[in-house]
Amino acid sequence: MLSSEENGILTQVGPGTPVGQVMRRYWLPALLSTDVPAPDCPPVRVKLLGEELVAFRDTQGAVGLLEEHCPHRLASLFLGRNEENGLRCVYHGWKFDVLGNCVDMPNEPEESRFKEKIRTKSYPTMEQGGVIWAYMGPPEKRPAEPGMEWSRAPERQRYVSKTIEYCNFAQAAEGGIDTVHSSFLHNNDLSNTRHFKRIDTAPILEVERTSYGFRYAGIRNLGEIGNYVRIYQFVLPFHQFRSHQVDFEGSGERQAIPLIQGHMWVPIDDEKTMVFNWMLVADEDKAMTPDFILKRETGAGRGPNGEGVVRHQTRANDWLIDRQRQRTKTFTGIPGLNTQDLAVQESMGPIIDRSREHLGSTDKAVIQFRKCLLDAARDLQNGIDPPGSDSKTYRGIRPADLTIPKNVRWQEAAKDKLLARW
Amino acid sequence: MLSSEENGILTQVGPGTPVGQVMRRYWLPALLSTDVPAPDCPPVRVKLLGEELVAFRDTQGAVGLLEEHCPHRLASLFLGRNEENGLRCVYHGWKFDVLGNCVDMPNEPEESRFKEKIRTKSYPTMEQGGVIWAYMGPPEKRPAEPGMEWSRAPERQRYVSKTIEYCNFAQAAEGGIDTVHSSFLHNNDLSNTRHFKRIDTAPILEVERTSYGFRYAGIRNLGEIGNYVRIYQFVLPFHQFRSHQVDFEGSGERQAIPLIQGHMWVPIDDEKTMVFNWMLVADEDKAMTPDFILKRETGAGRGPNGEGVVRHQTRANDWLIDRQRQRTKTFTGIPGLNTQDLAVQESMGPIIDRSREHLGSTDKAVIQFRKCLLDAARDLQNGIDPPGSDSKTYRGIRPADLTIPKNVRWQEAAKDKLLARW
Amino acid sequence: MLSSEENGILTQVGPGTPVGQVMRRYWLPALLSTDVPAPDCPPVRVKLLGEELVAFRDTQGAVGLLEEHCPHRLASLFLGRNEENGLRCVYHGWKFDVLGNCVDMPNEPEESRFKEKIRTKSYPTMEQGGVIWAYMGPPEKRPAEPGMEWSRAPERQRYVSKTIEYCNFAQAAEGGIDTVHSSFLHNNDLSNTRHFKRIDTAPILEVERTSYGFRYAGIRNLGEIGNYVRIYQFVLPFHQFRSHQVDFEGSGERQAIPLIQGHMWVPIDDEKTMVFNWMLVADEDKAMTPDFILKRETGAGRGPNGEGVVRHQTRANDWLIDRQRQRTKTFTGIPGLNTQDLAVQESMGPIIDRSREHLGSTDKAVIQFRKCLLDAARDLQNGIDPPGSDSKTYRGIRPADLTIPKNVRWQEAAKDKLLARW
């Protein structure tokens with residue numbers, strides 16, 4: 001539970017807001033590489049941290065991310081022509097390169113030097129892992145290039161998609177950080193669980209602050225076998241890493257795929273979030289096959305005819321909840337694992353009032369998430385750079401899940417498993 | 001005409017508002033019994049006086065009315081599972097009974113006593129007359145159970161439906177209290193009335209304050225025959241009773257049905273109203289037959305393919321006004337008696353500015369309605385309970401219509417007719 | 001570029017605003033004559049300068065323009081019955097004539113004189129050029145009847161249509177006043193213009209203030225041939241006149257039509273504009289044929305299946321921009337000359353922040369437009385009547401386009417051409 005003031009700080013991301021300033025000190029996922037698939041392809045609108053932008057890929061393949069409105073008379077550059085190394089406004093022909101320089105101004109006399117005085121706001125971008133990342137902070141504070149393990153891994157090992165979510169990023173992130181809800185919300189086979197087993201539903205949570213955010217373990221008591229431990233990573237400002245083994249039978253034989261997955265909850269504005277969903281096959285001998293992608297994305301609710309950036313299960317249609325199915329088959333009656341997350345988070349309203357909550361012992365990680373962001377916001381006001389904003393400390397990490405004897409600490413037992421391979 | 005300040009007081013119903021507090025001292029219609037038709041059926045959303053709630057019928061048949069959002073992390077209980085005597089949140093499995101007690105908390109360790117500290121807001125409910133009534137006020141002021149004549153009458157004598165209206169409750173109620181407009185707005189046969197007859201269109205209104213609200217008579221001069229008098233009842237905070245004889249020819253012979261009808265204009269919030277429409281066949285020898293219901297509801301505009309809770313004639317399509325029909329057949333060109341009411345009331349905008357009105361002699365009842373509510377609001381601030389909030393004084397009453405000699409007072413002549421039989 | 005304060009003054013038009021008061025000193029186009037085509041036809045809603053009105057044509061053919069809501073209980077007179085010389089409210093039958101007098105009040109006793117005290121707000125109207133004009137200012141300041149050349153010309157010479165635009169009137173007007181953008185935005189044949197020619201794209205602008213607003217010339221250097229000069233007229237508060245020769249081959253032989261055209265950008269409210277589009281064949285020997293109208297309106301984007309008052313190319317569908325077409329055929333990929341204007345102006349958002357602009361040498365006319373309105377607003381506060389509000393000075397004018405020798409001033413060369421013939 002937060003005070004109303006803290007709640008406001010946690011959830012506001014526009015220019016000049018405390019958490020908005022923290023976010024502007026990291027490389028942020030802005031769009032998928034495939035959103036601007038080829039040189040000189042049509043520009044697309046991007047809204048990031050409440051700022052209206054337009055992205056385009058120039059003739060050399062570089063991606064520009066400019067303020068949406070032309071500095072001349074404020075026409076939208078989304079309507080613009082992506083021409084030879086620049087985006088040209090259709091109103092009077094002003095043309096801008098990826099750096100925001102005005103490189104042509106055909107409505108002024110040839111001798112005019114007006115164009116040299118004109119720049120438009122432009123944010124640096126880079127591409128990694130199928131994602132175009134942007135840096136929106138002070139130039140002198142620009143970090144080294146981002147490098148999550150999954151985004152540096154070979155292309156054949158990974159997959160990324162994105163989904164819009166109609167609520168604040170923190171609400172979405174808190175859903176992802178919460179390891180406990182999966183026994184309830186994502187229980188898609190009621191026949192197995194007529195009675196809840198505390199072993200699954202009330203794990204012990206252990207949370208540890210790190211140089212990049214925090215990590216936490218959900219510990220489930222397996223009796224004589226020992227403890228089953230799932231270790232999540234949270235990297236500021238909005239990255240979650242988790243792992244588990246997946247049984248998969250594609251065209252070939254049945255096999256166990258060691259999967260690392262996560263989300264990035266990127267604020268569009270205070271009331272909308274672009275969720276990037278990534279996954280990584282953590283074994284070099286196994287690739288991310290189209291079959292596997294299709295099965296996983298479908299299970300998440302993003303398969304063919306499923307929920308993508310444009311969604312068809314929303315608050316307006318009660319997320320197509322099927323009450324009969326809810327009664328007899330699945331806990332929610334809502335198809336799609338991630339769609340279940342979207343539904344429950346959006347059902348709270350666009351921005352929840354955290355002063356009305358009642359948090360229990362299994363909400364420790366959620367509490368830590370809030371503390372991380374609020375601490376970073378306060379520290380930044382005092383001139384202290386946000387944790388991990390050097391793009392270094394999170395490079396070596398991984399999530400893990402494993403079964404260990406009762407008398408062993410997970411920090412020790414999982415040491416090697418928690419190291420990135422790429 | 002009211003001052004802007006009075007207009008604000010009259011129309012605002014949220015928690016803490018003066019008229020909102022008055023309303024919270026009565027049993028309020030919250031939903032139809034058929035909205036939660038069976039034990040353990042799916043929960044439904046209810047918005048009442050600006051408060052977001054969820055209703056469910058438990059295994060014993062009792063109806064719970066809880067705050068919509070789970071007190072844990074504020075997920076909507078509308079998505080919840082209606083299980084063995086409780087509504088369970090799909091996020092982490094917290095379960096609440098109809099009294100708002102947390103009866104299960106499976107995500108906490110077995111030994112935890114956290115659940116005992118958790119209650120969610122719950123309002124008492126009761127069922128009568130096919131309606132689920134809720135009490136949202138201070139527990140120590142909770143009145144005896146409601147008991148309008150129509151709601152206590154045998155089921156075979158009565159019928160209730162509901163309709164959403166897109167304006168403030170007072171605007172809707174003022175339409176229902178106004179006896180005069182029926183000669184105009186509801187004139188569905190222009191051929192009879194090329195020229196208005198003052199006898200119909202300008203009745204004398206006599207209004208009398210009562211212990212439950214007020215009653216008023218619309219007196220129409222029939223010359224030598226005497227006076228035709230229609231006596232309406234208004235019961236605080238938003239009930240209207242009226243009566244008239246209806247000619248009906250169903251499958252059997254033509255007969256005269258003595259009908260008592262009314263509306264309850266229940267505020268959803270300041271700009272939306274749930275209108276409950278009830279009718280009562282006032283003669284025990286005659287029942288409310290399906291034929292009769294169909295004919296009346298269709299005439300009102302709520303028949304098959306007509307306007308129910310979901311409406312298809314709205315401001316967005318100009319209530320499907322048919323200008324040719326308006327010119328030649330009916331006064332409005334809008335089909336459905338009650339849809340005509342909705343159209344004219346919604347055409348004013350969601351909340352009218354009563355300081356701009358010009359009221360005449362036939363607006364006396366409307367003026368009394370406002371006075372009743374404003375007086376009750378002021379009195380309540382001074383510790384005086386609202387009129388009729390003991391659920392007693394309105395039990396014995398009925399509306400009436402009758403023709404009387406000129407030298408007789410309607411109060412005397414209608415004495416017996418104004419008494420409830422059930 | 002304007003300060004935020006000036007920007008607010010320029011764009012706000014409601015009652016009591018400085019520019020709103022300026023506008024209320026002119027006859028304003030309210031609707032097309034064809035919107036109320038016959039005596040006693042259905043009334044229509046009109047919103048003008050933020051005021052909600054209803055228009056009707058009475059039995060004599062006179063057009064009334066009344067406040068939308070009946071002064072009795074504020075029902076909308078849009079639902080009203082247009083009867084024998086008056087508009088009757090369907091709620092209680094109050095009836096108003098075109099002057100706003102209450103001429104019948106059937107719900108009051110016959111002897112009542114209440115009706116004599118009731119008037120509703122009514123604005124004087126007149127018809128000219130297929131347009132119904134309204135005067136919304138102080139009665140004692142009412143100007144002589146309007147009389148643009150095009151609206152006084154014989155009916156066979158002219159045509160008027162209207163289109164809704166979803167942005168502030170000033171934004172729309174600035175697009176129309178800007179002569180330069182046509183080489184870019186309206187370039188519908190890329191094959192001719194792989195390389196911009198400064199001769200077309202960067203004309204010299206000369207602007208002159210006049211007694212009715214201003215006129216300005218766009219001068220394009222044709223080398224030895226001389227200069228090609230297009231002279232536009234701007235008449236306060238929102239009229240633009242322009243001219244050019246049009247090649248047309250209808251059913252008969254190919255001919256050159258001397259065309260005068262313009263727009264009136266009439267504020268619906270601060271964020272919506274009703275654009276009236278007129279054209280005039282300036283040669284009495286040639287009429288405005290249906291063929292010609294169809295071709296021009298289609299080219300503008302308003303032809304059969306094109307954009308009229310109800311539009312189907314809007315921000316919600318990115319104005320149906322065709323990126324392939326934009327790459328290969330036309331500068332914008334958006335069909336319809338005027339739809340291109342609407343798209344670029346709406347892409348800026350409903351009201352642009354002019355403090356963020358960067359204006360160049362070709363924006364002189366736009367700057368003059370703002371100055372004209374802001375000066376008029378300031379002067380009016382000091383008791384000085386707005387330029388041209390006597391409806392006289394603009395009667396004699398015309399726009400023109402012509403080619404002149406280099407050593408000749410356009411003001412001299414075009415003197416005769418700039419005179420109205422009707």
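Residues numbered from 1 in each chain as written. Chains lettered and ligands numbered in written order. Predicted model: local features only at pLDDT ≥ 70, side-chain atom pairs only at ≥ 80, totals over all residues. Heavy atoms only, no water.

Caption draft 1: Examining the overall build of chain A more closely. Check the secondary structure of chain A and you find 10 helices and 18 strands. Scaling as 2.2 N^0.38, a compact globule of 422 residues should have a C-alpha radius of gyration of about 22 Å, and chain A matches this with 23 Å. Here the C-alpha coordinates of chain A stretch approximately 85 × 55 × 45 Å along the principal axes. Counting across all 422 residues of chain A, residues that qualify as buried make up 60%. Contacts in chain A between residues at least 24 apart in sequence constitute 60% of all its contacts with a sequence separation of at least 6. Summed over its atoms, the accessible surface of chain A is roughly 16,500 Å², and 50% of this surface lies on carbon and sulfur atoms. Averaging the coordinates of the 54 positive side-chain charges in chain A and doing the same for the 56 negative ones gives two points 3 Å apart. (Helix = DSSP H or I, 4+ residues; strand = E, 2+ residues; numbered from the N terminus. Rg over C-alpha atoms; globule rule 2.2 N^0.38 Å. Buried < 20%, exposed > 50% of the residue type's maximum accessible area, 1.4 Å probe, protein only. Contact = heavy atoms within 4.5 Å. Areas by Shrake-Rupley, 256 points an atom, 1.4 Å probe, with all protein chains shown as cover. Lys, Arg positive; Asp, Glu negative; His and termini not counted. Charge placed at Lys NZ, Arg CZ, Asp CG, Glu CD.)

Caption draft 2: Molecular detail of the packing of helix α1 (residues 4–11) of chain B against helix α9 (residues 364–381) of chain B. All names here are of chain B. Following both chains from N to C, one finds α1 and α9 inclined at 85°, their axes separated by 10 Å at the closest point. One element, α1, and the other, α9, form an angle in the roughly perpendicular class. On the side of α1, the interface is formed by Glu-6, Ile-9 and Leu-10, while α9 contributes Arg-370, Leu-373, Leu-374 and Ala-377. (Axes fitted to C-alpha atoms, helices over the stretch in contact; angles between N-to-C directions. Parallel < 35°, antiparallel > 145°, perpendicular 65-115°, else oblique.)

Caption draft 3: Representation of the packing of aromatic side chains. For the coordinates displayed, the defined rule picks out 33 aromatic pairs over all chains. Their ring planes at 50° and their centres at 6.0 Å tell us that Trp-27 of chain C and Tyr-135 of chain C sit as a pair that is tilted. In this pair, Trp-27 of chain C is assigned in strand β1 (residues 27–32) and Tyr-135 of chain C in strand β10 (residues 131–135), connecting sequence segments 108 residues apart. Since its relative accessible area comes to 6%, Trp-27 of chain C is described here as buried. With a relative accessible area of 1%, Tyr-135 of chain C lands in the buried category. Among the aromatic residues, ring-to-ring pairing joins Phe-214, Tyr-216, Tyr-232, Phe-234 and Phe-369 of chain A into one connected group. Positioned over the ring face of Phe-78 of chain C is Arg-45 of chain C, at 3.9 Å from the centre of the ring. (Phe/Tyr/Trp six-rings, centres within 6.5 Å; stacked < 30°, edge-to-face > 60°. Lys NZ or Arg CZ within 6 Å of the ring centre and 35° of its normal.)

Caption draft 4: Here's a closer look at the interface of chain B and chain C. Tallying the contact residues gives 40 residues for chain B and 35 residues for chain C. There are three salt bridges connecting chain B and chain C. Here Asp-318 of chain B ties to Arg-45 of chain C by a salt bridge, and the two come within 2.9 Å at their closest N and O atoms. The interface formed by chain B and chain C includes 22 residue pairs in polar contact (both at pLDDT 80 or more). If you list the elements that add at least two residues to the side of chain B that touches chain C, you get α4 (169–177), α5 (198–201), α7 (323–328), α8 (337–346) and α9 of chain B. (Salt bridge = Lys/Arg side-chain N within 4 Å of Asp/Glu carboxyl O. Polar contact = N/O pair within 3.5 Å; in protein donor to acceptor, adjacent residues only side chain to side chain.)

Caption draft 5: View of the sheet that holds strand β5 (residues 81–83) of chain B. Residues and elements named next belong to chain B. Pairing is antiparallel in the open sheet, where four strands are placed in the order β5-β6-β7-β8. Edge strands, defined here as strands with exactly one partner in the open sheet, are β5 and β8 (102–104). Pairing analysis gives three bridges linking β5 to strand β6 (residues 86–88), with the strands arranged antiparallel. Among the inter-strand pairings, Glu-83 is bridged to a residue of β6, identified as Gly-86. (Pairing = 2+ DSSP bridges.)

Caption draft 6: Just the pairing of strand β15 (residues 239–249) of chain B, in detail. Residue and element names in this part refer to chain B. Across three bridges, strand β14 (residues 227–235) lies against β15 in antiparallel orientation. The partner of Gln-233 across the bridge, within β15, is Phe-241. Direction of pairing for β15 relative to strand β16 (residues 254–269): antiparallel, over a ladder of 11 bridges. Within β16, the residue paired with Val-246 across the bridge is Ile-257.

Caption draft 7: Spatial organisation of the interface of chain C and chain A. The partner chain A presents 35 residues to the 40 residues of chain C that form the contact. For the pair chain C and chain A, the two sides together bury roughly 3,000 Å², of which 52% comes from carbon and sulfur. The interface formed by chain C and chain A holds three salt bridges in total. Measuring nitrogen to oxygen at the nearest pair gives 3.2 Å for the salt bridge that ties Arg-73 of chain A to Asp-363 of chain C. Linking chain C to chain A there are 22 residue pairs in polar contact (both at pLDDT 80 or more). The set of elements that each furnish at least two residues to the side of chain C that touches chain A consists of α4 (169–177), α5 (198–201), α7 (323–328), α8 (337–346) and α9 (364–381) of chain C. Its residues assigned to classes, the side of chain C that touches chain A comprises 16 nonpolar, 12 polar and 12 charged. (Buried area = accessible area lost by both parts, 1.4 Å probe. Nonpolar A, V, L, I, M, F, W, Y, C, P; charged D, E, K, R; others polar.)

Caption draft 8: Spatial organisation of the environment of Gln-261 of chain B. All names here are of chain B. With respect to the helices, strands and loops of the structure, Gln-261 is situated in strand β16. Given a relative accessible area of 10%, Gln-261 falls into the buried group. Along the backbone, Gln-261 and Pro-405 are 144 residues apart, and their C-alpha atoms lie at a distance of 26 Å. In this structure, Gln-261 is in contact with Gln-240, Phe-241, Arg-242, His-244, Trp-278, Met-279 and Arg-296, ignoring residues within four places of it in sequence. At a separation of 3.5 Å, a polar atom in the side chain of Gln-261 contacts the side chain of Arg-296.

Caption draft 9: Molecular detail of the sheet that holds strand β3 (residues 51–57) of chain B. Residue and element names in this part refer to chain B. Across the sheet, three strands lie side by side as β2-β3-β4; this open sheet has antiparallel pairing. Both outer strands of the open sheet, β2 (44–48) and β4 (63–67), are each paired with one neighbouring strand and no more. Sheet twist, expressed as the average angle between the axes of neighbouring strands with direction ignored, equals 35°. With five bridges connecting them, β2 and β3 associate as antiparallel partners. Bridging from a neighbouring strand, Leu-48 pairs with Glu-51 of β3.

Caption draft 10: Inspection of the side chain of Gln-157 of chain A at higher detail. All names here are of chain A. Here Gln-157 shows up in the loop between α3 (149–152) and β11 (158–165). There is a polar contact of 3.3 Å between the side chain of Gln-157 and the backbone oxygen of Lys-286. Those residues in contact with Gln-157, other than ones at most four positions away along the chain, are Met-279, Leu-280, Val-281, Asp-283, Glu-284, Lys-286, Ala-287, Met-288 and Trp-422.

Caption draft 11: Representation of the relation of the copies chain C and chain A in the model. Overlay of chain C on chain A (RMSD 0.0 Å): rotation 120°, translation along the axis 0.0 Å. The superposition operator between the copies reduces to a three-fold rotation axis. Taking C-alpha positions as the reference, the residue of chain C nearest the rotation axis is Ala-316 of chain C, at 11 Å. (Least-squares fit on C-alpha atoms with pLDDT ≥ 70 in both.)

Caption draft 12: Quick look at unusual backbone geometry. Following Leu-236 of chain A, the chain continues to Pro-237 of chain A via a peptide bond in cis, the omega torsion being 0°. Position of Pro-237 of chain A among the secondary structure elements: in the loop between β14 (227–235) and β15 (239–249). Its identity is not glycine, yet Leu-320 of chain B carries a phi of approximately 50°, on the positive side. Summarising the element assignment, Leu-320 of chain B is placed in the loop between α6 (290–300) and α7. A relative accessible area of 45% places Leu-320 of chain B in the partly exposed class. Of note, the phi angle at Trp-319 of chain C is positive, near 50°, even though the residue is not glycine. Structurally, Trp-319 of chain C is set in the loop between α6 (290–300) and α7. With relative accessibility at 0%, the residue Trp-319 of chain C sits in the buried group.

Caption draft 13: Region of the structure containing the environment of Val-275 of chain B. All names here are of chain B. Summarising the element assignment, Val-275 is placed in strand β17 (residues 272–281). Its relative accessible area of 4% is what places Val-275 among the buried residues. As for Val-275 and Ala-172, which are separated by 103 residues in sequence, their C-alpha atoms are 8.5 Å apart.

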